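# Structure assessment
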Amino acid sequence: MSVLLATIEQSGSTGEQIVFWVCAAIAVVGAVGMLISRRAVHSALFIAATMIALAVLYVSQGAPFLGMAQIVVYTGAVMMLFLFVLMLVGVDSTESLVETLKGQRIAGLALALGFAVLLFAAIGNVSYNFAVGIDGANAADGGNVQGIAHLIFDRYLLAFEVTSALLITAALGAMVLAHRERHTPRKSQREQSEDRVRSGEPQNLPGPGVYALHNAVGTPGLLPDGQPTDRSVPEPLRGVSAAVGVDHEDTRRVNALAAGGAIIPGKAEDES
Amino acid sequence: MNPTTPQYGDLALFGHDPLWLVILKALVLFIGLVLLTLFTTWFERRVVARMQQRVGPNRAGPFGLLVPLADGIKLALKEGITPANADKVVYLLAPMIAAAAAMLVFAVIPLGPVVSIFGVSTPLQLTDFSVSTLYILAIASIGIYGIVLAGWSSGSTYSLLGGLRSSAQMVSYEIAMGLSFVAVFLYAGSMSTSQIVAGQTDWWYAVLLLPSFVIYLISMVGETNRAPFDLPEAEGELVAGFHTEYSGLRWAMFFLAEYVNMINVSAVAITLFLGGWRAPAPISTVWSGANDGWWPILWFLGKILVMLFVFVWLRGTLPRLRYDQFMRFGWKVLIPISIVWILLVSAWRGIRNEYGTDLRTTLIWLGVILFAIAAIAFLLDLRRAPEDEVVEPTYDPYAGGYPVPPLPGQEFTYTRRAPQTVPATVVETSALESTGQELEGDRNE
Amino acid sequence: MGEVYLPILVLGILGAAFAVFSVAAPSIIGPRRYNRARLDAYECGIDPTPQPIGGGRFPIKYYLTAMLFIVFDIEIVFLYPFAVAFDQLRLFGLIEMAVFIVTVLAVYAYVWRRGGLEWD
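Residues numbered from 1 in each chain as written. Chains lettered and ligands numbered in written order. Predicted model: local features only at pLDDT ≥ 70, side-chain atom pairs only at ≥ 80, totals over all residues.

This brings us to the overall build of chain B. Along its length, chain B carries 16 helices and two strands. Buried positions account for 43% of the 445 residues belonging to chain B. (Helix = DSSP H or I, 4+ residues; strand = E, 2+ residues; numbered from the N terminus. Buried ≥ 20, exposed ≤ 12 C-beta atoms within 10 Å, placed from the backbone.)

Structural data, given as structure tokens:
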């Protein structure tokens, strides 16, 4: 840590230091928040905050292209994660804490250890072999973007081309996981309308009844002969009409009114 | 002007303003954006009214100009509703993200050349750096968060559907938008907005790179969720989409963000394709001073107004697309065309750089012919594809009365009713099942 | 060199202050009249449709769109420095990029043919 502090004090103005401490705090808080928040969407939000803080750090270190690419790609990635989480765990559910992978703790520990070794090696490398700094690299090719272009398309040519294989794998994986083959041809708008005409009932479904006691789509409409019809009620509401406040007592009374009779008090009969 | 001052189009021009000037510029830009938004709401209502044979708002102030102000006051005095189902923190955070992100884009839009403000010579642009166009894309992708989070946190079905729809829509059209920039960078040799404007001294990129410009124009409408691509807030299907549950000033933040985004994408179109703040051709040829001093702001605002009129015009003319048509258009038309166009432009430029014009002409024709052949073959293949599905006579999806998957080499065929090969007894059972009445008895067997 | 980004910070603070004020203002100046129905999710006047336990799930189609978005986004991020430095990279850069784009287009064509770009 003291090595890190020393390097920071060596390089950069006070403005850069302020940026570093603010963004570092945000990044760490975001990372911790991601771990401890119970709702998946909150976790995704915390990751986004961490990513943006890192991007600001890159920019302040003189690597504007990397910083902006970080926001463009990682906000995109987090967005995907976000949607994925929404779709797989449901909109509102919290994380399940049951471990299903065997030995994942050991594997996780081993990976963390390896990462720590890498991290210390990198920091040690920086503090003993003094880094050249990015300003010289930027100036050599006439700008940050040009410098990156020369590195990608010249020195790291193979890595760049292999990236395309990685992208192929990603898209293929998504297809395998998420694509469902269509076995039946999709009905065009024309075919759908033809089917509707052939079904014998090409007209719209009847609207909510004029005599409805509830001003709601859950209330059945009346047919010309005064019978209430379930078809005016949207399908998801048909089974749950009790839950949305339509009781059959109402329909019965409406029916009676429509037939011209007086309202008969009495027990509701089942319409279905 | 001081001779040591860098020329316009040099990034060394930026980053030297004293702090008071930075704050002044930012403040003017911010207030200007809010005023322009208020004006745009009035402008849209007046123009669309005229297109629909109406008068539009005309009571408050001259020509109804004060209507946006009255709307603002009314919104400020409304109750701020937080639904019982909402995730409170995210629900309040979402409009802030949307509005703040929309405001940030204008920081890199060039409004004019170097002028003198209170004795300090400074470019009429808040700031610029080597990747400012990428910065615009980055801010745009942060802005999407506002919409998605609003949809998710409201705890309402319509909001969630609207938020998901709009995120899918915006990411799809952001790709087309990002691809349309590539040809511009190729010609300008830079991603900084001021250098791109400086590169358009002779020719606007809209003329040189017409396909890029057209792709950008289409994707910018999709990106701002405006008609005919306003599916996230399709009022006939989703009430108001992601902002169904918002009221008062919180709702106004989304409204503001939408209109500021309209102005943003217009400004980007102007900067990248329509010569930036430069005067259009007839004016600049007649009057040589048109591109000096403060005049460019006038040209810039004029171009913004034209772009906004196009937005309103589209809204007044075109019906909304169906969602599948919309996605198909983005993924199957805009993106392939963009990629092929990028390859063509870079090949054109690369061959010119390498061999000069003579060989280029020959090769271009060769390339055009090859491309035409490839395109025709591709189209023919697309047309042929449905007829390809040969019906395998040997495959029977209900062999033995039970549904079976196709074997390797067999094609799945869709049959409406059970085929003839099914034994009579099994047909009886399935007929009983289909009526649904005997289902219980059937299960008991 | 950080001075170039200072104006963005200033504009960001202005925008954020305005947004925070506008979001907080309704709780201060707006009226507050309790009404249970008003706090329910809006569904055109009826009581909200009961949601399945754990929330409704969504078409996994969106996942494919998001993944393709990332693929093309990364392609764009590579295309930008390529375009900017095009004149210095000469023909070799062009061939390299063409190979890259064609490789990515291969999977795009695959997704297209399998029907991954269709929406219902």
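Here the narrative resumes.
Per the secondary structure count, chain C includes four helices and zero strands. Ordered by position from N to C terminus, the α and β elements of chain C give α-α-α-α. Within chain C, buried positions represent 40% of all 120 residues.

Turning our attention to the interface of chain B and chain C. Chain B puts 70 residues into the contact, and the matching count from chain C is 54 residues. In terms of residues, the side of chain B that touches chain C owes the most to one element, helix α13 (residues 323-355) of chain B, which gives 16 residues. When its residues are assigned to classes, the side of chain B that touches chain C shows 44 nonpolar, 16 polar and ten charged. (Contact = placed C-beta atoms within 7 Å. Nonpolar A, V, L, I, M, F, W, Y, C, P; charged D, E, K, R; others polar.)

This part is about the confidence of the model for chain C. All names here are of chain C. Confidence in the prediction of chain C, expressed as mean pLDDT, is 79, and 82% of residues score 70 or more. Mean pLDDT across the elements of chain C ranges from a minimum in helix α2 (residues 36-39), with 72, to a maximum in helix α1 (residues 6-29), with 86. We note a pTM of 0.76 for the whole complex and an ipTM of 0.85 for its interfaces. (pLDDT = per-residue confidence, 0-100.)

This part covers unusual backbone geometry. Leaving glycine out, the prevailing phi sign among residues is negative, and the prevailing peptide bond configuration is trans. Residue and element names in this part refer to chain B. Here the phi dihedral of Q53 falls at roughly 60°; this positive angle occurs in a residue that is not glycine. In this structure, Q53 sits in the loop between α1 (19-51) and α2 (67-76). Take Q53: there are 6 C-beta atoms within 10 Å of it, and that puts it in the exposed class. Phi at N225 takes a positive value of approximately 60°, unusual for a residue other than glycine. Locating N225 in the fold gives a position in the loop between α8 (210-223) and α9 (235-238).

One finds L134 of chain B together with Y80 of chain C to be the most contacted residues of the largest nonpolar core, which totals 180 residues. Ranked by residue count, the leading element in this core is helix α5 (residues 157-188) of chain B, at 19 residues. Contacts of L134 of chain B, omitting those with residues within four sequence positions, involve F65, M68, A69 and V72 of chain A, M191 of chain B together with Y80 of chain C. (Core = buried A, V, L, I, M, F, W, Y, C linked by C-beta atoms within 7 Å.)

Moving on, we get to the pairing of strand β1 (residues 112-117) of chain B. Residues and elements named next belong to chain B. Across five bridges, the pairing between β1 and strand β2 (residues 120-124) is antiparallel. When the sheet's bridge partners are listed, V114 is paired in β2 with P123. The antiparallel hairpin formed by β1 and β2 contains two residues in its connecting segment, where F118 sits at a positive phi of about 50°. (Pairing = 2+ DSSP bridges.)

This brings us to helix α12 (residues 295-317) of chain B. All names here are of chain B. In this model, α12 (23 residues) spans 33 Å end to end at C-alpha, consistent with the 33 Å of a helix rising 1.5 Å per residue. Those residues of α12 not exposed but buried are P296, W299, F300, K303, M307, L308, F311 and V312. At its buried positions, α12 is contacted by α1, β1, β2 and α10 (248-273). (Expected span 1.5 Å × (residues − 1).)

What follows is about the packing of α5 of chain B against helix α3 (residues 61-84) of chain C. Remark: α5 of chain B packs on α3 of chain C, axes separated minimally by 9 Å, with the N-to-C direction vectors making an angle of 15°. What the angle tells us is that α5 of chain B and α3 of chain C run roughly parallel. The chirality of how α5 of chain B crosses α3 of chain C is left-handed. Every residue of α3 of chain C that contacts α5 of chain B at L164, A168, V171, S172, I175, G178, L179, V182, F185 and L186 of chain B is listed here: Y62, T65, A66, F69, F72, D73, I76, L79, Y80, A83 and V84 of chain C. (Axes fitted to C-alpha atoms, helices over the stretch in contact; angles between N-to-C directions. Parallel < 35°, antiparallel > 145°, perpendicular 65-115°, else oblique. Left-handed = near helix turned anticlockwise from the far one by under 90°.)

This part takes up the packing of α1 of chain B against α12 of chain B. The packing of two helices is summarised by the inter-axis angle and the distance between the axes. Residue and element names in this part refer to chain B. Between α1 and α12, the shortest axis-to-axis distance is 9 Å and the interhelical angle comes to 45°. With respect to α12, the element α1 is oriented oblique. As α1 runs across α12, the sense of the crossing is right-handed. Seen from α1, the contacting residues are T40, F43, E44, V47, V48 and M51; seen from α12, they are L308, F309, V312, R315 and G316. Its residues placed into classes, the contact of α1 with α12 shows seven nonpolar, two polar and two charged.

Residue and element names in this part refer to chain A. Here G114 is to be found in helix α5 (residues 104-128). Residue G114 is classed as exposed on the basis of its C-beta count, with 10 C-beta atoms lying within 10 Å. Distance in space between the C-alpha atoms of G114 and L35 is 20 Å, their sequence separation being 79 residues.

On to the confidence of the model for chain B. Averaged over all residues, the pLDDT of chain B is 80; the fraction at 70 or higher stands at 83%. Considering only residues more than four positions removed or in separate chains, one finds that residues 422-445 of chain B, a stretch of pLDDT under 50, has 13 contacts.

Right, let's talk about the environment of L249 of chain B for a bit. Along the chain, L249 of chain B falls in helix α10. Judged by the 25 C-beta atoms lying within 10 Å of it, L249 of chain B is buried. Linking L249 of chain B and F181 of chain B, residues 68 residues apart in sequence, is a C-alpha distance of 35 Å. With near-sequence residues (within four places) excluded, L249 of chain B lies in contact with L75, A76 and G80 of chain B together with S22, A25 and P26 of chain C.

So, about helix α3 (residues 88-104) of chain B. In an α-helix there are 3.6 residues to a turn, and that puts residues three or four apart on one side. For α3 of chain B, spanning 17 residues, the distance from its first C-alpha to its last is 25 Å, which sits close to the expected 24 Å at 1.5 Å a residue. For α3 of chain B, the elements touching its buried residues are α1, α4 (132-153) and α10 of chain B together with α1 of chain C.

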